[in-house]
Amino acid sequence: YCPFIQILEGDVGLTGFVYLRDGVYMLALYECERGGLQFREVHELKTSDAYLSGVIARLDMVYMDVPRSSVRFRILSFPFDERDKLDGVIPFQLQEMITENVEDIVYDFTVVGKDDGNYRVAVCFADRDTVRGMRDDLARFGIDPAVITSVEAHWSLPGNTLEGGGASGTPTDTDFHGRVR
């Protein structure tokens, strides 16, 4: 069973999902068929693999998974759920909770519920250099991920189960992509 299938939506053609397994980058391939994405094959990423280079060139969408061991999260409470307001206050909240400088991390957040008039917001964050290093590693293979996420971190959030869904929606709700550059 692969919970990743649930995060893929729409008619995206050939989709790649890059993840680390025992320190080696793996590329799982999915293709749009019969209204959904179907698993096709998985490969170890190697720069000397001509077949794989051809496949990478045909990818319509690539997801990069940050291992759970590199991602931390906190549940914060706010009286509002507007994304722009949350984006303005979360860095200050995080700076009070973590030892490193907030400038040295990438983060994203999603509202996971509401209690007593306050919104519960899951904030996932990772070391900026770690995420940038992973992107640099993938660039050597000609891969520039459209989405950077953490499937394992998603399943760690309150209310999420392998049966699907949960309070925070999909793993792409934890999307570090726009914050890494």
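Summarised in this report is the structure supplied together with it.

Here is what the cut-offs are and how they apply
- Residues numbered from 1 in each chain as written.
- Predicted model: local features only at pLDDT ≥ 70, side-chain atom pairs only at ≥ 80, totals over all residues.
- Heavy atoms only, no water.
- Helix = DSSP H or I, 4+ residues; strand = E, 2+ residues; numbered from the N terminus.
- Buried < 20%, exposed > 50% of the residue type's maximum accessible area, 1.4 Å probe, protein only.
- Contact = heavy atoms within 4.5 Å.
- Areas by Shrake-Rupley, 256 points an atom, 1.4 Å probe, with all protein chains shown as cover.
- Arc of directions from axis to C-beta.
- Pairing = 2+ DSSP bridges.
- Axes fitted to C-alpha atoms, helices over the stretch in contact; angles between N-to-C directions.
- Phe/Tyr/Trp six-rings, centres within 6.5 Å; stacked < 30°, edge-to-face > 60°.
- Lys NZ or Arg CZ within 6 Å of the ring centre and 35° of its normal.

**Section: the overall build of the chain**
Along the chain, the regular secondary structure elements total 5 helices and 8 strands. The N-to-C order of helical and strand elements in the chain reads β-β-β-α-β-β-α-β-β-α-β-α-α. The buried share of the chain, taken over its 181 residues, is 43%. Taking all contacts inside the chain whose residues are at least 6 apart in sequence as the whole, residues at least 24 apart take part in 59%. Per element, the accessible surface of the chain, about 9200 Å² overall, is 47% carbon and sulfur.

**What to know about helix 1 (residues 50-58)**
Every buried residue belonging to helix 1 is among Leu52, Val55 and Ile56, and all of these are buried. Within helix 1, the buried residues cover an arc of 100° as seen down the axis, which keeps them to one side. The outward face of helix 1, more than 90 degrees from its buried face, is lined by the exposed residues Ala50, Ala57 and Arg58. Buried positions along helix 1 lie against strand 1 (14-21), strand 2 (24-33) and strand 3 (36-44).

**Digging into the sheet that holds strand 2**
Ordered by their spatial adjacency, 5 strands build an open sheet running 3-2-1-4-8, and the pairing between neighbours is mixed. Each end of this open sheet is capped by a strand with a single partner; those strands are strand 3 and strand 8 (147-149). The sheet shows a mean angle of 25° between the axes of neighbouring strands, taken without regard to direction. As paired strands, strand 1 and strand 2 are joined by 8 bridges and run antiparallel to one another.

**Re the sheet that holds strand 7 (residues 118-127)**
Strand pairing in a sheet takes place through backbone hydrogen bonds and is either antiparallel or parallel in direction. Pairing in this open sheet of 3 strands is antiparallel, and the strands run 5-7-6 from one edge to the other. The sheet terminates laterally at strand 5 (71-78) and strand 6 (105-115), the two strands that pair on one side only. In this sheet, neighbouring strand axes are inclined to one another by 20° on average, regardless of whether the strands run parallel or antiparallel. For strand 6 and strand 7, the ladder comprises 10 bridges, and the chain directions are antiparallel. If you follow Asp108 over to strand 7, its bridge partner there is Cys124. Packed onto the sheet, helix 2 (residues 83-97) meets strand 5, strand 6 and strand 7 and runs at close to 110° relative to strand 6. With respect to the sheet, helix 3 (residues 128-139) is in contact with strand 6 and strand 7, its orientation differing from that of strand 7 by roughly 60°.

**Here we look at the packing of aromatic side chains**
Here the structure, examined in full by the defined rule, presents 3 aromatic pairs. Arranged with centres 5.7 Å apart and planes meeting at 35°, the rings of Phe78 and Phe80 form a pair that is tilted. Comparing Phe78 with Phe80, the two get one shared label, buried. Over the ring of Phe109 we find Arg83; its NZ or CZ atom is 4.1 Å from the centre of that ring. Above the ring of Phe80, the side-chain terminus of Lys85 is found at 5.6 Å from the ring centroid.

**Digging into the environment of Phe39**
Relative to the elements of secondary structure, Phe39 occurs in strand 3. Look at Phe39 and you get partly exposed, because its relative accessible area is 44%. With 11 residues separating them along the chain, Phe39 and Ala28 place their C-alpha atoms 7.6 Å apart.

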